[in-house]
Amino acid sequence: GERIDWEPLVRGMLSGKRKSPAWEFHRALAELVVELAGRYPELPALLSGGVFQNRTLMELLLERMPAERLLLPSKLPPNDGA
């Protein structure tokens, strides 16, 4: 039943105040993952799918979350097909 409000992300991307719209998108997406994971602090954050092959996104996440909290694919490829 929860919804994600994308308006701040889009406004930030279009504001021109930051490095670039692409950078703003990656930053905002990382913040969203951190926020959602923070709602369930007793659980690990399982990150899977092709989007988490993005180096920029992963670096931003690792800056914001303890690595022990993140579960990343190791036995299967991280692509959407796995």
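Note: the structure precedes this text.
First, a word on what this report is: a plain description of the structure on this page. (Residues numbered from 1 in each chain as written. Predicted model: local features only at pLDDT ≥ 70, side-chain atom pairs only at ≥ 80, totals over all residues. Heavy atoms only, no water.)

1. Here we look at the overall build of the protein chain
Going by this rule: Only runs of H or I of at least four residues qualify as helices and only runs of E of at least two qualify as strands under DSSP, and these elements are numbered from the N terminus. Whether a residue is buried, partly exposed or exposed follows from its accessible area with a 1.4 Å probe, protein chains only, as a fraction of its type maximum: under 20%, in between, or over 50%, in that order. By definition, residues are in contact when any of their heavy atoms lie within 4.5 Å. All accessible areas in this document rest on Shrake-Rupley with a 1.4 Å probe, and a residue is counted as covered only by the protein chains that are shown.
From N to C terminus, the protein chain includes 3 helices and 2 strands. Secondary structure elements of the protein chain occur, N-terminal to C-terminal, as α-α-β-α-β. Residues classed as buried in the protein chain amount to 24% of the 82 residues present. Long-range pairs, those at least 24 residues apart, make up 68% of the contacts in the protein chain with a sequence separation of at least 6. Split by element, the accessible area of the protein chain, about 6200 Å² in all, is 56% carbon and sulfur.

2. Quick word on the packing of helix α2 (residues 21-38) against helix α3 (residues 55-64)
Heads up, the rule is: Working convention: axes come from line fits to C-alpha atoms, limited for helices to the stretch in contact. Angles between N-to-C directions cover 0 to 180 degrees. For classification purposes, angles smaller than 35 degrees are called roughly parallel, those larger than 145 roughly antiparallel, those between 65 and 115 roughly perpendicular, and all remaining angles oblique. It is the rotation of the near helix from the far one that decides the hand of a crossing: anticlockwise by less than a right angle makes it left-handed, clockwise makes it right-handed.
Closest axis-to-axis distance for the α2/α3 pair is 9 Å, and the angle between their directions is 45 degrees. Classed by the angle they form, the pair α2 and α3 counts as oblique. Here α2 and α3 pass one another in a crossing that is right-handed. Taking contact as the criterion, the partners of W23, H26, R27, L29, A30, E31, V33 and V34 in α2 are, on α3, T56, L57, L60, L61 and R64.

3. A closer look at the layout of surface pockets
The line we're drawing: A cavity here means a set of 1 Å grid points, computed over protein atoms only, where a 1.4 Å probe fits but cannot escape. A pocket is an open set with protein on both sides within 12 Å along at least 5 of 7 lines, and lining residues have an atom within 4 Å of a point. Grid points are joined across faces, edges and corners, and a volume is the space filled by probe spheres set on the points. When residue character is reported, Ala, Val, Leu, Ile, Met, Phe, Trp, Tyr, Cys and Pro are called nonpolar, Asp, Glu, Lys and Arg charged, and the others, Gly included, polar.
The space that makes up the largest pocket amounts to roughly 300 Å³. What lines the largest pocket is a set of 16 residues, among which I4, D5, L9, A28 and L32 lie closest to the centre. Every element with two or more residues in the lining of the largest pocket is listed here: α1 (7-15) and α2. Residues belonging to the lining of the largest pocket are distributed by class as follows: 8 nonpolar, 1 polar and 7 charged.

4. Section: the packing of α1 against α2
Angle between the axes and distance between the axes are the two parameters that describe a pair of packed helices. Following both chains from N to C, one finds α1 and α2 inclined at 150 degrees, their axes separated by 8 Å at the closest point. Considering the angle they form, α1 stands roughly antiparallel to α2. For the element pair α1 and α2, the recorded crossing hand is right-handed. From α1, L9, G12 and M13 reach across to α2, where they touch P21, E24, F25 and A28. Split by residue class, the contact of α1 with α2 holds 5 nonpolar, 1 polar and 1 charged.

5. Looking at α3
Spelled out, the test is: To be clear, the arc concerns the directions from the helix axis to the C-beta atoms. Polar contact is the term for a pair of N or O atoms within 3.5 Å; when the atoms are in protein, one must be able to donate a hydrogen and the other to accept it, and sequence-neighboring residues count only if both atoms are side-chain atoms.
What α3 keeps buried is the set L57, M58, L60 and L61. Taken down its axis, α3 places every buried residue within 160 degrees of arc, on the same side. Relative to its buried face, α3 has exposed residues pointing more than 90 degrees away, namely R55 and E63. Tucked into the core, α3 has its buried residues touching α2. Put simply, N54 is the residue that caps the front of α3, since its side-chain oxygen is 3.0 Å from the backbone nitrogen of T56.

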